[in-house]
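# Structure at a glance
Each chain, written out:
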Amino acid sequence: MAPNPNSKSPTEDATGDVICIADQFHFSSFYSSTNLAGLEDDDSVSTPTSTTTPHRPSRSDSMSIIGPEEQVNGDARLKPHTIANPDRVKLKFYSNVLGDNSTFIHYGKWDGLDQDQPGAYGRASEAMTDYMYNLSMSLLPHRMDSNDVNYIDLGSGTGASAIHLVQKHSATISKATCLNLCKEQNDMAIDTAAEMDMTDRIDVVEASFEEIPFEENQYDLAFSQDAFIHALTKKKVYAEAYRVTKPGGAFVFCDLMCGDNPDLTVQELAQFAERNRINDWLNPSQVIKTCEEVGFKDVKFINLTTDLRISFQLMLKKVTFVLEHGDSHPNSSRVLLMNYRDSICRRITQIERGVFKWGVIHARKPVFMELTVKTPVPFVKTNHLIIDVNKVSQKVEEGQEANVVVVDILKKMPKEQIDALPSTVELLITMSAGLDHIDLDACKAKGIIVKQSGRDAITNHVIQYTLCFITLGLRDAFNQLGVAFPSKGWNLNWNCEGKSLTSCTIGIVGLGLIAKGLIAEIRKLAPDTRIIYTVPKQRRDFDVESKLKLEYVAELTDLASQCDVLLPLCSLNKSTEHLIDKEILGCLKPEAGIINVSRGKVVDTDALTEALENKSIRYAILDCTYPEPLPADHPLWKKDNCFIFPHYATNTMDVREKLVTDIQPIIEDHYGLGHSDARQKAEEKILRYDLAVAHRLT
């Protein structure tokens, strides 16, 4: 990113001499419009200026440097000049002095790299980009295997980093936005993307990262390399990054930061900032605090100043080699190289004295959750990346609207309610087994994902509950509750007509989690029980049929005519409303029964009442009815072959607790926020058990 035009002009160095290159900090900026080992640029334009009045750079001429207009001796300082196309000259400088033919212009990470190999600096810069990307994805574990990661590179320069990452991670990154002020750099990025046939995945935007021209919550990752140093106000930059990052997204950047050596004077640090045109210069602790002030959480600093020292040492080595062994050059080029060498030596000394630090800041954007209902047990949140907006109303006033909304079975969410939700909502969690209280089509249209908490606990409880009803229904056990016992004439030979699990046929409508779990439990008790099921043909599951020994029956009427127990275990929707109607009930055998633990409206109540009155079926066990509850004078209450329970399948404290404790893990999984303490402990327990088993086996 070009230096800010409003920043201060260069000053004198410690010796009182005007610094020939305006002492711009990044040594990658040390280049000239003159011949430097063949570094001529056809677009360069030289304009003499006074040695007493340094040139103030603009966005189009980003650097003041020396030129050859005056004849001087080897130790003289040359007058600063303006070049029209500094970026091309900079890359030529890398190529000729550093031996790199690379468009990477960032500081590098040197782990495992040979500094003496040609192109080492470019490889180190590329390694730094890879290091930061891998760090970013470690913060976003839920996005590692996705194919639609969308990120923005703030102050992207020539676009080399973005192009490299999109090419290397083409299966993961769908779009990279390069935001940069310098037109010449942007043109290079556009040309390179076109050459590599990547224009559909690389967007280059000429704009400032202090005023990002995009809507909020757009990017999984806000990313930047060595670009924020010259921002006028760091807080504004960080706030803009926060605004465009998605909830749960990451903010990762490397930058030069003020040193925190207590032996340094305020005057010395201020002089360095002024000489290098640095505004709002913050040390790592201040950067962390500022990021937290704009809303980021888990803000951490990784100190990589050692890698920066290596970069300068390599630069010094290369420049010294050219001075000592290179071909003869015009006097201006030699003087320029000597000035570079002196400046780099000062940088290395400043690193050792702790004048500045260089490293990576990484942070996460929190997720805002709204509980719209009272939970059956208190909700205890242990993840600080999840913020309950009910408890921080001031955040809502500041525009931090909910990203997650939590409801229960009693909270109806029709289309009007869904449409009225803030645009920031992308996850709806319901504390219920069913979803019929939520307009799923409206959620899909608005891009809202619906999840159910307590799902495993609910499934297990319904399975256990239903299995009891099947056994008791087959034995006609409920009708025996009125038998006088003991009574005269009763003995152990007394019995009633009933069937065992093994000798009956069970007919199931649907093949969801509860149905499959129930079938698996029946197989444990009665492996030879005949179980038939029906679903729409396109949803038939041959693998499950083979695994659980199921028989598929295409027509519901055929299934009803064959079974001893009819179990509707389907969800309630428009296609299943009154699915068990008069026709289906009429197909049941007189000794058959029906058990409904799904939703009351799946069964036609009037048709069921008629069937029980006519004794055309043996019994009905209902954990749910329609309407619910039935009116006090409804005839089903008086039927001796109808057994009604108060929607009781999941009414245990275990389920109530899981409905609430599952909320946080669902949010964590969706946004990749890590796991809560409870889940970590559970996973560690399982891992320890598995390791113990493996140890015993080996």
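Residues numbered from 1 in each chain as written. Predicted model: local features only at pLDDT ≥ 70, side-chain atom pairs only at ≥ 80, totals over all residues. Heavy atoms only, no water.

A tally of regular secondary structure across the chain gives 21 helices and 21 strands. Counting the 698 residues in the chain, one finds 52% classified as buried. Counted over contacts in the chain with a minimum sequence separation of 6, partners at least 24 positions apart contribute 73%. (Helix = DSSP H or I, 4+ residues; strand = E, 2+ residues; numbered from the N terminus. Buried < 20%, exposed > 50% of the residue type's maximum accessible area, 1.4 Å probe, protein only. Contact = heavy atoms within 4.5 Å.)

Ranked by internal contacts, the top residues of the largest apolar core, which has 59 residues, are Tyr151, Ile202, Val252, Trp281, Phe356 and Val360. With 58 residues, the next largest nonpolar core counts Tyr465, Ile522, Ile531 and Tyr552 among its residues. (Core = buried A, V, L, I, M, F, W, Y, C linked by side-chain atoms within 4.5 Å.)

Taken as a whole and assessed by the stated rule, the structure comprises 27 salt bridges. For the salt bridge of Asp111 with Lys109, the shortest nitrogen-to-oxygen distance reads 2.6 Å. Residue Lys109 is classed as buried on the basis of its relative accessible area of 9%. For Asp130, the salt bridge goes to Lys168, with nearest N and O atoms at 3.1 Å. In this pair, Asp130 sits in helix α2 (residues 120–139) while Lys168 sits in helix α3 (residues 160–168), placing the two residues 38 residues apart along the sequence. Judged by relative accessible area, which is 48%, Lys168 ranks as partly exposed. Several salt bridges converge on common partners, so that one network encompasses Arg143, Asp148, Asp220 and Lys246. (Salt bridge = Lys/Arg side-chain N within 4 Å of Asp/Glu carboxyl O.)

Per-residue confidence for the chain gives a mean pLDDT of 83; residues scoring 70 or more make up 78%. Across residues 1–87, where pLDDT falls below 50, the model places 218 contacts with residues more than four positions away in sequence or in other chains. The low-confidence segment residues 392–397, where pLDDT is below 50, has 4 contacts with residues more than four positions distant or belonging to other chains. (pLDDT = per-residue confidence, 0-100.)

A word on the packing of aromatic side chains. Taken as a whole, this structure holds 22 aromatic pairs when the rule is applied. Seen in terms of ring centroids, Phe228 and Tyr238 are 6.2 Å apart; in terms of plane orientation they differ by 65°. Their pairing is edge-to-face. Here Tyr238 lies in helix α5 (residues 234–244) and Phe228 lies in the loop between β6 (219–225) and α5, a separation of 10 residues in the sequence. Taken together, a centroid distance of 5.8 Å and an interplanar angle of 55° make the contact between Phe478 and Phe645 tilted. Of this pair, Phe478 sits in the loop between α13 (455–474) and β15 (505–509) while Phe645 sits in the loop between β21 (642–644) and α19 (653–661), and the two are 167 residues apart along the sequence. Its relative accessible area of 25% is what places Phe645 among the partly exposed residues. By the ring-pair criterion, three or more aromatic residues cluster together here, those being Phe209, Phe228, Tyr238, Tyr242, Phe251, Phe253 and Phe296. The ring of Tyr242 carries Lys365 above its face, with NZ or CZ at 4.6 Å from the centroid. (Phe/Tyr/Trp six-rings, centres within 6.5 Å; stacked < 30°, edge-to-face > 60°. Lys NZ or Arg CZ within 6 Å of the ring centre and 35° of its normal.)

With respect to the helices and strands, the residue His230 is situated in the loop between β6 and α5. At a separation of 2.6 Å, a polar atom in the side chain of His230 contacts the main-chain carbonyl oxygen of Arg277. (Polar contact = N/O pair within 3.5 Å; in protein donor to acceptor, adjacent residues only side chain to side chain.)

Before going further, it helps to examine the state of the cysteines. Enumeration over the complete set of coordinates arrives at 0 disulfides. Note on Cys587: no disulfide assigned, nearest cysteine sulfur contributed by Cys563 at a separation of 9.8 Å. Taking relative accessible area as the criterion, Cys587 reaches 25% and is therefore assigned partly exposed. (Disulfide = S-S within 2.5 Å.)

Cis peptide bonds are those with omega within 30 degrees of zero, and the linkage from Tyr626 to Pro627 qualifies with -5°. Omega for the bond connecting Glu628 with Pro629 falls within 30 degrees of zero, at -5°, which places this linkage in the cis form. For Asp476, which is not glycine, the phi torsion reads 55° and is therefore positive. Its place among the elements puts Asp476 in the loop between α13 and β15.

Along the chain, Asn283 turns up in the loop between α6 (266–275) and α7 (284–294). A distance of 3.1 Å separates the side chain of Asn283 from the backbone nitrogen of Ser285, its partner in a polar contact. Discounting residues that sit within four places of it in the chain, Asn283 has contacts with Met257, Cys258, Gly259 and Asp260.

Taken N-terminus to C-terminus, the directions of α13 and helix α14 (residues 513–525) make an angle of 50°; their axes are 9 Å apart at the nearest point. Classed by the angle they form, the pair α13 and α14 counts as oblique. Read as a crossing pair, α13 and α14 show a hand that is right-handed. Note on element contacts: α14 touches α13 through Leu513, Ile514, Gly517, Leu518, Glu521, Ile522 and Leu525, opposite Arg455, Thr459, Val462, Ile463, Thr466, Leu467 and Ile470. Of the residues contributing to the contact of α13 with α14, the split by class is 9 nonpolar, 3 polar and 2 charged. (Axes fitted to C-alpha atoms, helices over the stretch in contact; angles between N-to-C directions. Parallel < 35°, antiparallel > 145°, perpendicular 65-115°, else oblique. Left-handed = near helix turned anticlockwise from the far one by under 90°. Nonpolar A, V, L, I, M, F, W, Y, C, P; charged D, E, K, R; others polar.)

With that settled, consider the sheet that holds strand β8 (residues 297–303). Hydrogen bonds between backbone groups are what pair the strands of a sheet, and the pairing can be parallel or antiparallel. Pairing within the open sheet is mixed, and its 7 strands lie in the order β5-β4-β3-β6-β7-β9-β8. Across the chains shown, the open sheet's two edge strands, defined by having one partner strand only, are β5 (202–206) and β8. Strand-to-strand, the axes of this sheet are offset by a mean angle of 15°, without reference to chain direction. Relative to β6, strand β3 (residues 149–154) runs parallel, the two sharing 3 bridges. The partner of Ile152 across the bridge, within β6, is Ala222. (Pairing = 2+ DSSP bridges.)

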